[in-house]
Amino acid sequence: MKVLPFRIPKPLNQNLIVQVDKSKMFYNQLHQHEELQLSLILKGQGKLIVGDSIHHFTAHDFFVIGSNCPHLFQSEKTDKDVKMISLFFTKDSFGTDFFNLADIEEIHWFFDIANDGFRLLSDKEAVHDLLIKLPEQDKLTRFINILILIKKLCKSEREVLTS
């Protein structure tokens, strides 16, 4: 399968992209993009093809897909809609040195653990509660909550997706 390079549409004056996908199926092309992708499945099930591996997904699963990692959420065909909330950002989205600030050193290594991607195994309810509100929040609240989310992900149990 050929990997398509993909450019996430970035709204003007927005560094953190929040996207809600609701349709009969998720984007059905194996693709990669520069941005990290943090995705919460709200409805649907299927296979996640990521890097060199395949994983099953279902509602309430949360995944982090690393920068430029080929992936595809392949929905099972049903007559029901699928729904997912995703966040997209890069290490430099908030400035080249932001994620290296001493004030946030407890999350410095997030990009290392995100590189190969992972499935969240613990703290799913807290992550769900943070993400479900993001589409309706103002930019500052989203920014604060992404830092809270990253902190929680750094302390949670994870399953690596690919090598």
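Values in this document were obtained by computation on a predicted structure and should not be read as measured data. (Residues numbered from 1 in each chain as written. Predicted model: local features only at pLDDT ≥ 70, side-chain atom pairs only at ≥ 80, totals over all residues. Heavy atoms only, no water.)

Peer 1: Before we go on, may I ask you to explain the overall build of the protein in this structure?
Peer 2: Helices and strands together make up the secondary structure of the protein, namely three helices and 11 strands. Starting at the N terminus, the α and β elements of the protein follow one another as β-β-β-β-β-β-β-β-β-α-β-α-α-β. Here the protein has a C-alpha radius of gyration of 15 Å; the compact-globule value for 163 residues is 15 Å, and the two agree. For the protein, the spread of C-alpha atoms along the principal axes amounts to about 45 × 35 × 35 Å. For the protein, the proportion of contacts with a sequence separation of at least 24, taken over those separated by at least 6, is 75%. Accessible area for the protein stands at about 8,800 Å²; split by element, carbon and sulfur atoms hold 50% of it. (Helix = DSSP H or I, 4+ residues; strand = E, 2+ residues; numbered from the N terminus. Rg over C-alpha atoms; globule rule 2.2 N^0.38 Å. Contact = heavy atoms within 4.5 Å. Areas by Shrake-Rupley, 256 points an atom, 1.4 Å probe, with all protein chains shown as cover.)

Peer 1: What am I meant to see in the sheet that holds strand 7 (residues 62–65) here?
Peer 2: To summarise the sheet geometry, strands pair through backbone hydrogen bonds and adopt either a parallel or an antiparallel arrangement. Spatially, 2-9-4-7-10-11 is the arrangement adopted by the six strands of the open sheet, whose pairing is antiparallel. A strand with exactly one partner marks an edge of an open sheet, and here the two such strands are strand 2 (17–23) and strand 11 (158–160). Strand-to-strand twist of the sheet, defined as the mean angle between neighbouring strand axes without regard to direction, takes the value 20°. In this structure, strand 7 lies alongside strand 10 (residues 118–120), joined through two bridges in antiparallel fashion. (Pairing = 2+ DSSP bridges. Axes fitted to C-alpha atoms, helices over the stretch in contact; angles between N-to-C directions.)

Peer 1: I'm lost on the packing of aromatic side chains in this one. Help?
Peer 2: Any aromatic ring pair is given by two values, namely how distant the centres are and how the planes are angled relative to each other. This structure, assessed with the given rule, holds 14 aromatic pairs. Judged by centre distance (5.1 Å) and plane angle (85°), the ring pair of F98 and F99 falls under edge-to-face. The exposure classification of F98 matches that of F99, with both residues buried. When the centroid spacing of 4.9 Å and the interplanar angle of 70° are considered together, the rings of F99 and F111 count as edge-to-face. Of the two residues, F99 is situated in the loop between strand 9 (82–89) and helix 1 (110–114) and F111 in helix 1; the sequence distance between them amounts to 12 residues. An identical accessibility class is assigned to F99 and F111; each is buried. Aromatic rings pair up to connect F89, F94, F98, F99, F110, F111 and F143 into one cluster. Geometry around F118 places R158 over its ring, the cationic atom sitting 5.7 Å from the centre. (Phe/Tyr/Trp six-rings, centres within 6.5 Å; stacked < 30°, edge-to-face > 60°. Buried < 20%, exposed > 50% of the residue type's maximum accessible area, 1.4 Å probe, protein only. Lys NZ or Arg CZ within 6 Å of the ring centre and 35° of its normal.)

Peer 1: Is there a simple way to explain the pattern of salt bridges in this structure?
Peer 2: Pairing between side chains of opposite charge can happen when their charged atoms approach one another. Counted under the stated rule, the structure contains six salt bridges. The salt bridge partner of K155 is E106, with a shortest N-O separation of 3.6 Å. Here K155 is found in helix 3 (residues 139–155), whereas its partner E106 is found in the loop between strand 9 and helix 1, with 49 residues between them in sequence. Put simply, D61, R119, K124 and E159 are held in one network by salt bridges that share partners. (Salt bridge = Lys/Arg side-chain N within 4 Å of Asp/Glu carboxyl O.)

Peer 1: Is there a simple way to explain unusual backbone geometry in this structure?
Peer 2: If a residue is not glycine, its phi is most likely negative; likewise, a peptide bond is most likely trans. With a phi close to 80°, H60 is a non-glycine residue in the positive phi region. Of note, H60 is situated in the loop between strand 6 (53–57) and strand 7. One non-glycine residue, D123, lies in positive phi territory at about 60°. Among the structural elements, D123 can be located in the loop between strand 10 and helix 2 (124–133). We classify D123 as partly exposed; its relative accessible area is 35%.

Peer 1: Just checking my understanding: could you explain the nonpolar core for this structure?
Peer 2: Most often, soluble globular proteins keep nonpolar side chains buried together rather than apart. L38, F89, F110 and L153 are the most contacted members of the largest nonpolar core, which has 31 residues in total. Sort the elements by how many residues they give to this core and helix 3 lands first, with five residues. Apart from residues no more than four positions distant in its own chain, F110 is found in contact with L36, L38, V64, F89, F118, I150, L153 and C154. Counting residues in hydrophobic clusters, the runner-up holds 12 residues, among them V50, I65, F73 and L161. (Core = buried A, V, L, I, M, F, W, Y, C linked by side-chain atoms within 4.5 Å.)

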